[in-house]
Amino acid sequence: MNTRNATLGFSGRLSGWFSGVSKAAGEVLPIRTWSADEGRGEPMRASMLGVDQALVWVTVALLAWGLVMVYSASVAMPDNPRFANYTPTYFLTRHTLWLVMGFVAALLTFQVPMKVWEKAAPWLFVVSLVLLILVLIPHVGKVVYGARRWIGLGPLSFQPSELAKFAVLLYASDYMVRKMEVKERFFQAVWPMGAAVALVGALLLAEPDMGAFMVIAVIAMGILFLGGVNARMFFLIAAVLVGAFGLMIAASPWRRERIFAYLDPWSEHNALGKGYQLSHSLIAIGRGEIFGVGLGGSVEKLHWLPEAHTDFLLAVIGEEFGLVGVLCVIGLFLWMTRRMMHIGRQAIALDRVFPGLVAQGVGIWMGFQAFINMGVNLGALPTKGLTLPLMSYGGSAVLMNLVTIAVVLRIDYENKVMMKGGRV
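Residues numbered from 1 in each chain as written. Predicted model: local features only at pLDDT ≥ 70, side-chain atom pairs only at ≥ 80, totals over all residues. Heavy atoms only, no water.

Considering the packing of helix α7 (residues 114–134) against helix α17 (residues 353–377)
Axis angle and axis distance: for two packed helices, these are the angle between their axes and the distance between the axes, and together they describe the pair. Condition: To get an axis, fit a line to the C-alpha atoms, keeping to the stretch in contact for a helix; angles then go from 0 to 180 degrees between the N-to-C directions. For the purposes of this entry, the term helix denotes a DSSP run of H or I that reaches at least four residues, the term strand denotes a run of E that reaches at least two, and both are numbered from the N terminus. Small angles under 35 degrees read as roughly parallel and large ones over 145 as roughly antiparallel, with 65 to 115 read as roughly perpendicular and the rest as oblique. When checking whether two residues touch, look at their non-hydrogen atoms; a contact exists if any pair is within 4.5 Å. Ten residues, namely Ala, Val, Leu, Ile, Met, Phe, Trp, Tyr, Cys and Pro, are considered nonpolar, four, namely Asp, Glu, Lys and Arg, are considered charged, and the remaining ones, Gly among them, are considered polar.
Put simply, α7 and α17 touch, their axes get as near as 10 Å, and they point 80° apart. The orientation of α7 relative to α17 falls into the category roughly perpendicular. Across from M114, W117 and E118 in α7, the residues of α17 making contact are F354, P355 and V358. In terms of residue class, the contact of α7 with α17 is made up of five nonpolar, no polar and one charged.

Below, the structure written as structure tokens:
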């Protein structure tokens, strides 16, 4: 149980903020002890214990609201000559198709024990690297807006960077379990994981997709911290990453322009250039005021706000549902992140370090990506091409979001099995 106590101590730093308590883990979490004989009992069926109903319904609420908003934001797009061949329900139909595939994938994922994911983590990481290489090959990867990020699958496209987020999450969690004995030694504990993230980052920046790289770097850093890496080493890694992102921005003229446009989006030069999306996003949110203009009443989605159905869906929500709608979205994501951190902490308290780190890693993923997207839409952060999880149009992103949530539900189910005296 030494591994459990060490990891729980570091995990408590972050997850304790979300739980809002200061008691010991054993006092907070609904854990009961069981004898060795009980631990060898027969596995209990999911139907007997159920799943986290609140997490399921919050996920369904975000998906349903997102589906409605994707239709609302894209229904007028065929009026644009670029989309003249599309029907008003084109994006709605495709988004629905991806949701159906996502639900099927989630149901299948829920049946996979966490022990299988732990064994498969290194191999899934290798598969993600292969796909990130394939997407860079001409005639294999599809180019959209100058970025080569998608692999065509008939009428659909898959974005390997979304799988890479999940693969790095599993790999980092498995890595921390394997390196638990040397986690205080910088070179032995951190450098191999840092090299793996750097390799993924180099492939993503070649697409280019700096947004996905940022999310992956934060996921890896979060898991290292929660896994018990020395705090001084953690802050050193954070400083190195911040410096690296700063150098990438400084060395890229178009990234520098985005920063300048963020600082002054209303200048004549920026309002018609790099600050165009941000300025119209702010106009949309400003029009919504407190209660919004009503569902379907957005003006900015009528060819003024680019990518209204993907990166800037929150701006349309703000225009049609106002401040109340935006606060509801923020509240749902905050609750979801907090719940995932709690499930992870519960697993670690049961001496299940890998599942615990995975659940908390998913919480970091969902929370951080939602935070970046919301910050961009609200003008608090520079423009970055990241979708709003579960809500924005984006097939492979929604698919992988549902898969990861199914993994968290599986972890919660296995926690309940163990607390009932069963085995997993």
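Right, picking up where we left off after that structure.
Thoughts on the pairing of strand β2 (residues 147–153)
We count it as follows: Here the rule is simple: two strands pair whenever DSSP picks up at least two bridges between them.
Alignment of strand β1 (residues 141–144) against β2, held across four bridges, turns out to be antiparallel. For G141, the partnering residue across the bridge sits in β2 and is I151. Turn length for the β1-β2 hairpin, with the two strands adjacent in sequence and antiparallel, is two residues, and the turn residue Y145 shows positive phi of about 55°. Of the strand pairs in this sheet, β2 and strand β3 (residues 156–158) are connected by three bridges, and their pairing is antiparallel. Looking at the pairing, L153 lines up with L156 of β3. Linking two consecutive strands that pair antiparallel, namely β2 and β3, is a turn of two residues; a positive phi of about 70° is found at G154 within it.

With respect to the packing of aromatic side chains
As a reminder of what qualifies: For Phe, Tyr and Trp, rings pair up if their centres lie within 6.5 Å, where Trp contributes its six-membered ring, and each pair is then called stacked (planes under 30 degrees apart), edge-to-face (over 60) or tilted (otherwise).
Under the criterion given, the structure shown has eleven aromatic pairs. Measuring from centroid to centroid gives 5.5 Å for W65 and F321, while their planes differ by 80°, and the two rings are edge-to-face. You can see W65 sitting in helix α5 (residues 53–74) and its partner F321 sitting in helix α16 (residues 313–349), a full 256 residues away along the chain. Taken together, the aromatic side chains of F83, Y86, Y90, F91 and Y393 make up a single cluster linked through ring pairs.

Structural notes on the environment of F125
Relative to the assigned elements, F125 resides in helix α7. Sequence spacing of F125 and A167 is 42 residues, and the spatial spacing of their C-alpha atoms is 4.9 Å. Filtering out sequence-adjacent residues up to four positions away, F125 remains in contact with A167, V168, Y171, A196 and V200.

Re the nonpolar core
Definition in use: In this text, buried Ala, Val, Leu, Ile, Met, Phe, Trp, Tyr and Cys residues form a nonpolar core when linked through side-chain atoms within 4.5 Å. Exposure is judged per residue with a 1.4 Å probe applied to protein chains only, and the accessible area is read against the type maximum: over 50% gives exposed, under 20% gives buried, and values in between give partly exposed.
Among the nonpolar cores identified, the biggest contains 116 residues, and F166, L170, M193, V329, V358 and M391 are the most heavily contacted of them. With sequence-adjacent residues up to four places away left out, V358 is seen in contact with M114, L169, L170, S173, V407 and I411.

Regarding the environment of P382
When you line up the elements, P382 lands in the loop between α17 and α18 (395–419). Its relative accessible area of 26% is what places P382 among the partly exposed residues. C-alpha separation for the pair P382 and Y262, spaced 120 residues apart in sequence, amounts to 5.2 Å. For P382, the contacting residues outside a window of four places in its chain are I259, Y262 and V376.

Points about unusual backbone geometry
P208 follows E207 through a cis peptide bond whose omega is -5°. Structurally, P208 can be placed in the loop between α10 (191–205) and α11 (210–226). Although it is not a glycine, D351 adopts a positive phi angle of roughly 65°. With respect to the secondary-structure elements, D351 resides in the loop between α16 and α17. The exposure class of D351 is partly exposed, given its relative accessible area of 34%.

Remarks on the side chain of T404
Tracing the sequence through the fold places T404 in helix α18. Exposure remark for T404: the relative accessible area of 0% places this residue in the buried category.

A few points about the side chain of S74
Topologically, S74 is positioned in helix α5. The contact partners of S74, leaving out residues within four places of it in the chain, are P88, F91 and H309.

Digging into helix α15 (residues 276–288)
Defined as follows: An expected span of 1.5 Å times one less than the residue number is assigned to each helix.
Here α15 contains 13 residues, and its C-alpha end-to-end distance of 19 Å stays within 8% of the 18 Å for a straight helix at 1.5 Å per residue. Turning to α15, its buried residues number three or more, namely L278, S279, H280, S281, A284, I285 and G288. In this fold, the buried residues of α15 make contact with α13 (253–263), α14 (268–271), α16 and α17. Note on α15: the residue one or two positions beyond its end, E289, has a positive phi of about 50°.

It is worth stressing that arrangement in space is one thing and function is another; only the former is reported here.
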